[in-house]
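# Survey of secondary and tertiary structure
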Amino acid sequence: MLDIKLIRTDPEAVKAAIARRGDDTSSIDEVVELDTRVRAIGTERDDIRAEVKQLSKQVGLLHKEGRGDDAAALQDQSRALGEREKALSDEADDLAATIRSLLLNVANMPAPEAPDGLTEDDNLELRVENFDPAGYADHQRVPHWEVAEALGILDVDRAVRMSGSMFVMYRGAGARLLRALIAYGLDRNRDAFEEVRPPTVVKTETMIGTGHLPKFADDAYHLERDDLWAIPTAEVPLTSMVAGEILDQAELPLRLMAHTSCFRREAGSAGRDTRGLLRVHEFDKVELYAFCTPDQAQEMHMEILGRAESAISDLGLAHRVLDLACGDISGAGARTFDIEVFAPGADRWLEVSSVSWCTDYQARRANIRYRPEGEKGTRFVHSLNGSGLAVPRVWAAIIETYRQADGSVRMPEVLLPYLGGMTEIPAPA
RNA sequence: GGAGACGUGGCCGAGCCAGGUUGAAGGCGCUUCCCUGCUAAGGAAGUAACGUCGUAAGGCGUUCGUGGGUUCAAAUCCCACCGUCUCCGCCA
């Protein structure tokens, strides 16, 4: 949610920033107008309330003195004021609700440094690492869904039978590799991030708090009987962890990480990327998350990007880093870097991490503040998030990249400590 | 799932059953000042957030788990919801 005060004082700057995303700016004008009205009404309402309070005190005193008749006259007066107060109050509440719902649908302002452009074609490729398109052998050019089925490490057919399309099941060495990736993703950030294992299903108000509802209701799984939602990312519970709290500056930056299952209905992408692990309804992810002061935000953004990227490069996978164009940044982000890994078998780049700096946009919505040292009052924190390791697509890229000429799949060096002696997945007999 | 108790400021804890200068006693903690060779002890003052008006000082309003209701007036009465604790049941 954007700062209403900024919109009030400099609506043109806000509109200019929003326009860089290609978003409609008319709601900003609407907010400015409604805001003026709600404040005028609020002032009048508060004056009446003050009057009612004064009158009520007098009524109390008069009753004490036994002057009931005088009190009755004041009560009538106060009752009449109360009716007006109620009307004004209702109107103010309606306007405030309208303003809020307008604001909830306005995305964050992109950072000035975010590249211009409205689509993914405008994303800036910052660097490409470890990638030589001509360097892959034929045996690496087989898509993981074929390799994995042949090796018996991915059982899509049976998963579909029990849960429907776009659900998968890892088996044997495949399940073990998945477990290793999760442990690897967590362990390499253990030096600075607190490991959290939050609930996987949350209440409606929690989903609203992070902005995943009501806008993305169609993308989330809902357990109707208990009115609970399956989280689409650990970002939801991690943000809610400190919602409504005032943090000490000394606690910042607060670094958190969590491995969870993530559930997505993918309602808008039915029929797209349905092969193998490209797009699934349930997947494992290690999420990195930080709350910090505005001064710490830039550095923290780079830190999370660095950690996510090194996790990929230490696995020996080809990857690239994109600086997303304004129009391609998701709603809460002010600036986002994507990491894409190259899957030689599927012959395409797969997004495995989206590292976003959300400025105070999420904090304002979830009401997360801190007390700046040496200042009185509070300020909203900045929040940042990024996938430390999104398992399925990394798993897929490993299976394709590390496939040997004999059909076996070698395991990346850095995962060996997590694989209990398994150095390869043997070729099918 | 059943029965009961309860939810007050950074924390502890009164007030609620008899609604009225109670934004809320008292204590702890914290900040500043005084005293003191240092520390401890002691004394004084201050110590919520948010909204809005104001250059400011400050004014007004909201907030006693959340949301409704009753009333001239609600921390106090009524209803719903959320949560905590105790006992019983069930359970990995």
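This text gives an overview of the structure that appears in the document.

Rules and cut-offs
Residues numbered from 1 in each chain as written. Chains lettered and ligands numbered in written order. Predicted model: local features only at pLDDT ≥ 70, side-chain atom pairs only at ≥ 80, totals over all residues. Heavy atoms only, no water. Pairing = 2+ DSSP bridges. Helix = DSSP H or I, 4+ residues; strand = E, 2+ residues; numbered from the N terminus. Expected span 1.5 Å × (residues − 1). Buried < 20%, exposed > 50% of the residue type's maximum accessible area, 1.4 Å probe, protein only.

Taken together, the 3 strands give an open sheet; going across it, the order is E6-E12-E13, and neighbouring strands pair in mixed fashion. The sheet terminates laterally at strand E6 (246-248) and strand E13 (379-380), the two strands that pair on one side only. Taken together, the 3 bridges between E6 and strand E12 (residues 369-371) define a ladder with parallel strand orientation. Bridged to Asp 248 within E12 is Arg 371.

It is worth spelling out helix H10 (residues 294-314) at this point. Its 21 residues give H10 an end-to-end C-alpha distance of 31 Å, which sits within 8% of 30 Å, the value for a rise of 1.5 Å per residue. Inspection of H10 places Ala 297, Met 300, His 301, Ile 304, Leu 305, Arg 307, Ala 308, Glu 309, Ala 311 and Ile 312 among the buried residues, and these make up the whole buried set. Residue Gly 316 follows H10 closely and has a positive phi angle near 80°.

What follows covers the pairing of strand E7 (residues 254-263). Among the 10 residues that make up E7, 9 are buried, leaving the element largely enclosed by the rest of the structure. Across 3 bridges, strand E2 (residues 194-196) lies against E7 in parallel orientation. When the sheet's bridge partners are listed, Glu 194 is paired in E7 with Leu 256. Where E7 and strand E8 (residues 282-292) come together, 10 bridges link them in antiparallel fashion. What sits directly across from Arg 255, in E8, is Ala 290.

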